[in-house]
Amino acid sequence: MKILVPVKRVVDYNVKIRVKADQTGVDLNNVKMSMNPFDEIAVEEALRMKEAGSADEVVAVSIGVQQCQETIRTALAMGADRGILVKTDAELEPLHVAKILKAVIDEENPELVILGKQAIDDDCNQTGQMLAALLGRPQGTFASKLELVDGKLNVTREVDAGLQTITIDMPAIVTTDLRLNEPRYASLPNIMKAKKKPIIENTPEDMGIDIAPRLSVLKVEEPPKREAGIKVETVGDLVDKLRNEAGVI
Amino acid sequence: MPGEAMQPNETQRQIRDAARAFARRVIAPNAAAWDRDEAAPRTVLREMAAAGLMGVMVSPEYGGAGADFVAYALALEEISAADGGLSNMMAANNSPVAAAIQQHGTPEQKSDYLTRLTSGEWFGCIHLTEPHTGSDAAAIRTRARRVEGGWRLDGHKAFITGGATAELAMIVAVTDPAAGKKGISTFVTPTANPGYKVIARERKLGHRTNDTVQVVFEDMFVPDGDLLGDVGRGLAIALANLSAGRIGVAAQAVGGARAALEAAHAYAGERETFGRPIIEHQAVAFKLAAMATEIEAARQLYLHAAGLRDAGEEAATEASMAKLFASEMAERVASEAIQIHGGAGYLNDFPVEKIYRDVRVYQIYEGTSEVQKIMIARNLDAIVAGN
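None of the values given here were measured: they were computed from a predicted structure. (Residues numbered from 1 in each chain as written. Chains lettered and ligands numbered in written order. Predicted model: local features only at pLDDT ≥ 70, side-chain atom pairs only at ≥ 80, totals over all residues. Heavy atoms only, no water.)

## Observations concerning the overall build of chain A
Within chain A one finds six helices and eleven strands. In terms of principal-axis extent, the alpha carbons of chain A reach across some 65 × 45 × 40 Å. Residue burial in chain A is summarised as follows: out of 249 residues, 44% are buried. The long-range share in chain A, meaning contacts at least 24 apart out of those at least 6 apart in sequence, stands at 71%. Distance from the positive charge centre (32 side chains) to the negative charge centre (40 side chains) of chain A: 3 Å. (Helix = DSSP H or I, 4+ residues; strand = E, 2+ residues; numbered from the N terminus. Buried < 20%, exposed > 50% of the residue type's maximum accessible area, 1.4 Å probe, protein only. Contact = heavy atoms within 4.5 Å. Lys, Arg positive; Asp, Glu negative; His and termini not counted. Charge placed at Lys NZ, Arg CZ, Asp CG, Glu CD.)

## Structural notes on the sheet that holds strand E6 (residues 112-116) of chain A
Sheet strands line up and pair through hydrogen bonds in the backbone, either parallel or antiparallel. Residues and elements named next belong to chain A. Taken together, the nine strands give an open sheet; going across it, the order is E9-E8-E7-E10-E6-E1-E4-E5-E11, and neighbouring strands pair in mixed fashion. Both edges of this open sheet fall to strand E9 (162-169) and strand E11 (199-202), since each of them pairs with a single strand only. Recorded for the sheet is a direction-independent mean angle of 30° between the axes of neighbouring strands. Here six bridges tie strand E4 (residues 57-64) to strand E5 (residues 82-87), and the two strands are oriented parallel to one another. Among the inter-strand pairings, Val 61 is bridged to a residue of E5, identified as Ile 84. Sheet strands in contact with helix H1 (residues 37-51) are strand E1 (2-6), E4, E6, strand E7 (139-149), strand E8 (152-159) and strand E10 (172-176), and its direction is about 150° off that of E6. Here helix H4 (residues 127-135) sits on the sheet and contacts E6, E7 and E10; the angle it forms with E10, its principal contact strand, is near 175°. (Pairing = 2+ DSSP bridges. Axes fitted to C-alpha atoms, helices over the stretch in contact; angles between N-to-C directions.)

## So, the confidence of the model for chain B
In the predicted model, chain B carries a mean pLDDT of 95, and 98% of its residues have values of at least 70. Predicted as a complex, the structure gets a pTM of 0.90 and an ipTM equal to 0.89. (pLDDT = per-residue confidence, 0-100.)

## Focus: helix H12 (residues 369-378) of chain B
Structural remark: α-helix, 3.6 residues per turn; residues separated by three or four positions point the same way. Residues and elements named next belong to chain B. For H12, every residue scored as buried is listed here: Ser 369, Val 371, Gln 372 and Ile 376. Viewed along the axis of H12, the buried residues span an arc of 160°, placing them on a single side of the element. Seen from the buried face of H12, the exposed residues on the opposite side, beyond 90 degrees, are Glu 370 and Arg 378. (Arc of directions from axis to C-beta.)

## Quick look at the pairing of strand E2 (residues 143-147) of chain B
All names here are of chain B. One ladder, built from five bridges, connects E2 with strand E3 (residues 150-161); its direction is antiparallel. Along E3, the bridge assignment pairs Arg 143 with Asp 154. Hairpin connection of E2 to E3: two residues between the antiparallel strands, including Gly 149 at a positive phi of 80°.

## A word on the packing of aromatic side chains
Applying the stated criterion to the full structure yields seven aromatic pairs over all chains. Measuring from centroid to centroid gives 5.4 Å for Tyr 185 of chain A and Phe 22 of chain B, while their planes differ by 85°, and the two rings are edge-to-face. Residue Tyr 185 of chain A is found in the loop between E10 and helix H5 (188-194), and its partner Phe 22 of chain B is found in helix H1 (residues 10-27); the two belong to separate chains. Phe 22 of chain B sits in the buried class, given a relative accessible area of 1%. Taken together, a centroid distance of 5.6 Å and an interplanar angle of 65° make the contact between Trp 151 of chain B and Phe 187 of chain B edge-to-face. (Phe/Tyr/Trp six-rings, centres within 6.5 Å; stacked < 30°, edge-to-face > 60°.)

## Section: the interface of chain B and chain A
Counting residues at the interface gives 23 residues for chain B, matched by 16 residues for chain A. With its nearest N and O atoms 2.5 Å apart, the salt bridge here joins Glu 70 of chain A to Arg 13 of chain B. Across the contact surface, chain B and chain A share six residue pairs in polar contact (both at pLDDT 80 or more). Top contributing element to the side of chain B that touches chain A by residue count: H1 of chain B, with 14 residues. Here the side of chain B that touches chain A is composed, by residue class, of eleven nonpolar, five polar and seven charged. (Salt bridge = Lys/Arg side-chain N within 4 Å of Asp/Glu carboxyl O. Polar contact = N/O pair within 3.5 Å; in protein donor to acceptor, adjacent residues only side chain to side chain. Nonpolar A, V, L, I, M, F, W, Y, C, P; charged D, E, K, R; others polar.)

## A word on the pattern of salt bridges
Within the structure shown, the criterion is met by 44 salt bridges over all chains. In this structure, Asp 121 of chain A engages Lys 8 of chain A in a salt bridge whose closest nitrogen and oxygen atoms are separated by 3.1 Å. Here Asp 121 of chain A, found in the loop between E6 and H4, pairs with Lys 8 of chain A, found in the loop between E1 and strand E2 (9-11); they are 113 residues apart in sequence, far enough to count as distant. Classification of Asp 121 of chain A as partly exposed rests on a relative accessible area of 40%. Between Arg 48 of chain A and Glu 44 of chain A there is a salt bridge whose closest N-O contact spans 2.7 Å. Remark: Glu 44 of chain A and Arg 48 of chain A occur in helix H1; sequence separation between them is four residues, near one turn of the helix. Overlapping salt bridges bring together Arg 20, Glu 77, Glu 78, Arg 258, Glu 262, Glu 296 and Arg 299 of chain B as one network.

## Focus on unusual backbone geometry
If a residue is not glycine, its phi is most likely negative; likewise, a peptide bond is most likely trans. For the bond running from Met 170 of chain A to Pro 171 of chain A, omega is -5°, close enough to zero to count as cis. Inspection of the secondary structure puts Pro 171 of chain A in the loop between E9 and E10. Its identity as a non-glycine residue notwithstanding, Gln 23 of chain A has a phi of 60°, on the positive side. Among the structural elements, Gln 23 of chain A can be located in the loop between E2 and strand E3 (33-35). When its relative accessible area of 30% is taken as the criterion, Gln 23 of chain A is described as partly exposed. Not every positive phi belongs to a glycine, and His 207 of chain B is a case in point at roughly 45°. Along the chain, the position of His 207 of chain B falls in the loop between strand E6 (196-201) and strand E7 (212-223).

## Some remarks on the pairing of E9 of chain A
All names here are of chain A. Here eight bridges tie E8 to E9, and the two strands are oriented antiparallel to one another. The residue bridging Glu 158 from the neighbouring strand is Leu 163, located in E9. Linkage of E8 to E9, two consecutive antiparallel strands, is achieved through a turn of two residues.

## Some details on the environment of Ala 49 of chain B
Residue and element names in this part refer to chain B. Along the chain, Ala 49 falls in helix H3 (residues 42-50). Here the alpha-carbon distance between Ala 49 and Gly 256, two residues 207 residues apart in the chain, equals 21 Å. Sequence-distant contacts of Ala 49, that is, excluding residues within four places in its chain, are made with Met 54, Thr 118, Ser 119 and Gly 120.

## Regarding the packing of helix H5 (residues 84-104) of chain B against helix H8 (residues 242-270) of chain B
Residues and elements named next belong to chain B. Contact geometry of H5 with H8 gives a least axis separation of 11 Å together with a crossing angle of 160°. It follows from the interaxial angle that H5 and H8 lie roughly antiparallel. The element H5 and its partner H8 pack so that their crossing is right-handed. Of the residues in H8, those touching H5 at Gly 84, Ser 87, Asn 88 and Ser 95 are Ala 244, Gly 245 and Gln 252. When the residues that make up the contact of H5 with H8 are grouped by side-chain class, the tally is one nonpolar, six polar and no charged. (Parallel < 35°, antiparallel > 145°, perpendicular 65-115°, else oblique. Left-handed = near helix turned anticlockwise from the far one by under 90°.)

Right, dumping it as structure tokens:
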């Protein structure tokens, strides 16, 4: 079985982000970039399936600027076998990414695609679902456990009411939740070995994908500053504030 | 020109990031407790080896990563930012011991000892310093006498980092007292030898997560196969990696200082006086700005020296400059970090007092600040001439 894992280059989760003064987006100058943490979980799950003998190849794909190659290299250092970089400087929306991934999948024919449920930069949470729809394949989203049984996939999903387990046919699309696994860090020898693993490059234009924008960002703002809390004297005060100030009861 | 690598390349950044991820997950959450216990579990060194941190520059043939010196120094900075004592264990295993076996070892020493050091099965320490001699390394008295099939060692070694933990000892001893510096030889031999005796474990200001011990060799038999390199070349072998060691100390100092800055920056954003976070008081913000600048200057010095090493140069003066500046900078920055914390910084509930204790030694070992100044002063003609 071949597993395809899309990996996105995002602002590192430790970075305190700043909005650009002209409110067009987030300032990326001199900001540390890393692999989207949900995608690290996806890579880890694919590697565990390979180590368990249920997969024989893990392919990492990234879409974006040239430096996305570093994100692929990180996946290769963790243990993925080879990489595909679809290079573009354009701003991409989830539907573009899903269409590009569909074209990659038409070429590669992986039985399983594992994506992060969302990227921590735009928090869209759309690409996996759109990809499943475009391919007409079953999807198991927000996975906290995966089990391959008799050629079908049991996916335990984290939903608001608790855990839901579904069985889906293969080939399938899975998106990872936070508790699926704890990803490994690449060892230094594996980082060095990963330099020799192949990465092929492509562009959306060569693949015939239209990446003209469908959405426009009007404004990006900092969230409002949190106000300091107060102490209330009585239960009556609390109820009054919840009803008349917060408007929640 | 050499030294172009002052900005790390992609592979070097990946290695730094991997070391940082490891340090944050495995070391940083436990460093304060290990400091109080005055010991880190032996398993931590094995985990460091599994991450590839114990043989960063060793060839993959012997289980190493085969990375360059810049990558090694960056990884060392990361481990030091989490804990100074463990960074020194990493440095001991990597730079004098593994590097010397890689450079001078027999095929048997490499396939046996070196492979055990990189895998973490064994830890390696170096025995150079003696109670009466430090920087004056040629004055050592530990004696190795020729006997059938090997050597018999007698002597007293001091300030041995990891000397009680180690399974392998690299020992520098006098084989021919009449030959001076050329009468010194180096051995690599297992510590599981009845003649290898740890006689004292030192109690220290900092670096409490590792053991610093005194060891005596009592009629300790070392077989011929454990001689490292040629007879009489021991001092050259032991000191060949001295510049590398100094660059390593500079990287450790930068790591400690960076951890102090991170703690002070976080505290300054939370602690309020006169109705606002203290970072909004310019007196505090300026301190943080100066600390960040000093750290970056020290990092550039060690990266420059490390880049020169990778380009095949000795970089002795650059290594001394990096070590001198970075180690003294680390004490200043750690002190300022305590100052920003105020009284809280003096308590061991906050990380900065430990960092302050840990960084002090960087001005001492691998050549004191004064020794670095001697080295730099000897080269002033060339420095002033702009070479």
